[in-house]
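# Fold and contact review
In case you want the letters, here they are:
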Amino acid sequence: MTHPASVLIHWRGVENEEAVHRHLAERCHHIAGEFPETHHYELSIEPDGPAVQCHGHVNGKGVRGAAHAEGLQTPRHAADSVLAKLERELRKEHDKKIFTQRRKARRRSFKHAP
C-alpha cells in the first residue's frame, strides 16, 4: 500500500491563493502517482522584484530533486514551471534506471546464447 505524498507549499511574501494552492497540491499528487517512490514535495514561492520566483524539492526512496524558476509574473506560472522541471528530472532518472536494467539483461542474454 502506498502512502499519499506530503506536499508543503510556502508562500513567502506572496498572498496565499487557495485555488492555486489546490492546483499545485493536485499536480504534486499526480506526479507522485506516476512516481510512487517519491513521498515529499516542497515548494517555496516568493517575490523577486516585480516578478515571482519559486524553488521546489522532491524527496523519496532513492530520489532527490530540486528545481527553480524566476522572473515569472504569477505564483501559479512559477510553481507550474518548477513542477514541470521536477517531473522531467524524475522521468529522466526513472528511464535511466529502467533502460540500464534492460541493457544489462540484454547483454547477459547474448553472453549465454549458444
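Refer to the preceding data block for the structure.
Procedures and definitions
- Residues numbered from 1 in each chain as written.
- Predicted model: local features only at pLDDT ≥ 70, side-chain atom pairs only at ≥ 80, totals over all residues.
- Heavy atoms only, no water.
- Helix = DSSP H or I, 4+ residues; strand = E, 2+ residues; numbered from the N terminus.
- Rg over C-alpha atoms; globule rule 2.2 N^0.38 Å.
- Buried < 20%, exposed > 50% of the residue type's maximum accessible area, 1.4 Å probe, protein only.
- Contact = heavy atoms within 4.5 Å.
- Areas by Shrake-Rupley, 256 points an atom, 1.4 Å probe, with all protein chains shown as cover.
- Pairing = 2+ DSSP bridges.
- Axes fitted to C-alpha atoms, helices over the stretch in contact; angles between N-to-C directions.

Below, the discussion takes up the overall build of the chain. The secondary structure content of the chain amounts to two helices and four strands. Taken from N to C terminus, the helices and strands of the chain fall in the order β-α-β-β-β-α. By the compact-globule yardstick of 13 Å for 114 residues, the chain is too spread out, its C-alpha radius of gyration being 18 Å. Sorting the 114 residues of the chain into buried and exposed places 32% on the buried side. Sequence separation of 24 or more characterises 48% of the internal contacts of the chain that already satisfy a separation of 6 or more. For the chain, the accessible area works out to roughly 7,600 Å², and carbon and sulfur atoms hold 53% of it.

Judged from the eight bridges that link them, strand S3 (residues 51–60) and strand S4 (residues 63–72) form a sheet pairing that is antiparallel. Counted as the bridge partner of Gly-56 is Ala-67 from S4. Here S3 folds back onto S4, and the loop between the two strands holds two residues, one of which, Gly-62, carries a positive phi near 70°.

Another aspect to go through is the environment of Lys-96. Inspection of the secondary structure puts Lys-96 in helix H2 (residues 75–111). Taking the C-alpha atoms as reference, Lys-96 lies 29 Å from His-23; in sequence the two are 73 residues apart.

Moving on: the sheet that holds S4. Spatially, S1-S2-S3-S4 is the arrangement adopted by the four strands of the open sheet, whose pairing is mixed. In this open sheet, the two strands that pair with only one neighbour each are strand S1 (6–11) and S4. Geometrically, the sheet is characterised by an average inter-axis angle of 10° between neighbouring strands, direction not taken into account. Packed onto the sheet, helix H1 (residues 18–34) meets S1 and strand S2 (38–48) and runs at close to 145° relative to S1.

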